[in-house]
Each structure stands twice: as C-alpha cells, then as structure tokens.
Amino acid sequence: MPNKFSWILLTTVLLVYSCDSNQIFDEYKSVPNQWNKDSLISFSMTPPDSTNLYNLFINIRNTSDYKFSNLFLIAEINFPHGKTIKDTLEYQMAKPDGTLMGEGFTDVKENKLWYREAVRFDEVGEYTITIQHAMRNNGEVNGVDNLEGITDVGFRIEPATN
C-alpha cells in the first residue's frame, strides 16, 4: 500500500506543479527559526531569453509569529556582466486590525509580492538575486537582529502580459 500512496502523491504534486504555466523560475529557500539581519538569501538563474519582458516577484511565507504590519526588504539583482540594481522595498503584511494578509487556511500565509514589472534580461548569462530583511522597531535606530515568523523566502519570474 505505501507504494500506491507514494505514486498517487507524486502524481498529484507533478500535476499541480505542471498546471502553473506562468512560472519561468520559482524557488524557495527556508529560513531557520529566525531571519538574521545579515543573512542574505540568494537565487541564481539564467533567463530563457533576452527579448521578452518578465514580471518579478518576491514570495514570503510567514506564520502568526510575525509581529509586524509591514515588511522592509533590500533586494539586489546582479547581472552577468557586473551591473547591479539595489532596491529598498516595503510591503504591507497585515490589515489594520492585525489580521495577517496572504493566502492560506492555516497558520502559514503565503504572500506574492511585486518586485519589478516588465523586466528584460538583456545580458546573457547567470543572474543572482539577493534578498535580506531591513526591519526596525518603531523609534529604534538599530535594525531587528533576528526576525521571527518568516519561514520561507522565494523568488519568482513570470512572463509579462500585455
């Protein structure tokens, strides 16, 4: 019986994964118990072409241990030939009443956050995207050393639609 169950599980996972025709790149990295402010989460990828436009997303999975209403991130794209683009981003993570935003029925919420729109990867080769948090408590100069409640950080590329 375990072999039949394994086969059904594998088939279901493959079907769900293959039904997502929008993805060009979609990868997650797990965050240990806490996300240290100096910890960079990196993704390396080679785009399929240099002519089409793509939308970029940062995906965040968080639990109710996340105690902030927003999320500040520093994201950086390193191009194959040395060019770098660095952005400081802010995303709303909770409604005014404190309810966490995102998809999911359990304690874990998934947020698909816009990063960049209509990007053309005009350099051939491998691109590296790094993401780190830049959270601070209100009224404090120093950042939050260890951010709790973030379980996974992802990066996703989809074709831009007209």
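Residues numbered from 1 in each chain as written. Predicted model: local features only at pLDDT ≥ 70, side-chain atom pairs only at ≥ 80, totals over all residues. Heavy atoms only, no water.

A. Representation of the overall build of the chain within the structure. For the chain, the count of helices and strands is one helix and ten strands. Secondary structure of the chain in N-to-C order comes out as α-β-β-β-β-β-β-β-β-β-β. Burial statistics for the chain: of 162 residues in total, 36% are counted as buried. The long-range share in the chain, meaning contacts at least 24 apart out of those at least 6 apart in sequence, stands at 76%. (Helix = DSSP H or I, 4+ residues; strand = E, 2+ residues; numbered from the N terminus. Buried < 20%, exposed > 50% of the residue type's maximum accessible area, 1.4 Å probe, protein only. Contact = heavy atoms within 4.5 Å.)

B. Main features of the sheet that holds strand E1 (residues 25–30). The four strands lie next to each other as E1-E10-E4-E7, forming an open sheet whose pairing is antiparallel. The sheet is open, and its two edges are formed by E1 and strand E7 (109–120), each paired on a single side. When the angles between neighbouring strand axes are averaged without regard to direction, this sheet yields 15 degrees. Bridge count for strand E4 (residues 53–62) against strand E10 (residues 150–159) is nine bridges, and the pairing is antiparallel. For Arg 61, the partnering residue across the bridge sits in E10 and is Asp 152. (Pairing = 2+ DSSP bridges. Axes fitted to C-alpha atoms, helices over the stretch in contact; angles between N-to-C directions.)

C. Here's a closer look at the sheet that holds strand E8 (residues 127–133). The antiparallel open sheet is built from four strands, whose spatial order is E3-E8-E5-E6. Since the sheet does not close on itself, it has two edges, and those belong to strand E3 (41–45) and strand E6 (84–92), each with one partner. Neighbour to neighbour, the strand axes of the sheet diverge by 20 degrees on average, direction disregarded. Note: strand E5 (residues 70–78) against E8, six bridges, orientation antiparallel. Across the sheet, residue Ala 75 finds its bridge partner in E8, namely Ile 131.

D. Geometry of the nonpolar core. One finds Trp 35, Ile 58, Ile 60, Tyr 66, Tyr 115 and Leu 147 to be the most contacted residues of the largest nonpolar core, which totals 36 residues. Those elements that provide at least two residues to this core are E3, E4, E5, E6, E7, E8 and E10. Sequence-distant contacts of Tyr 115, defined by excluding residues within four places in its chain, comprise Leu 56, Phe 57, Ile 58, Ala 75, Glu 76, Ile 77, Asp 87, Leu 89, Tyr 91 and Phe 155. (Core = buried A, V, L, I, M, F, W, Y, C linked by side-chain atoms within 4.5 Å.)

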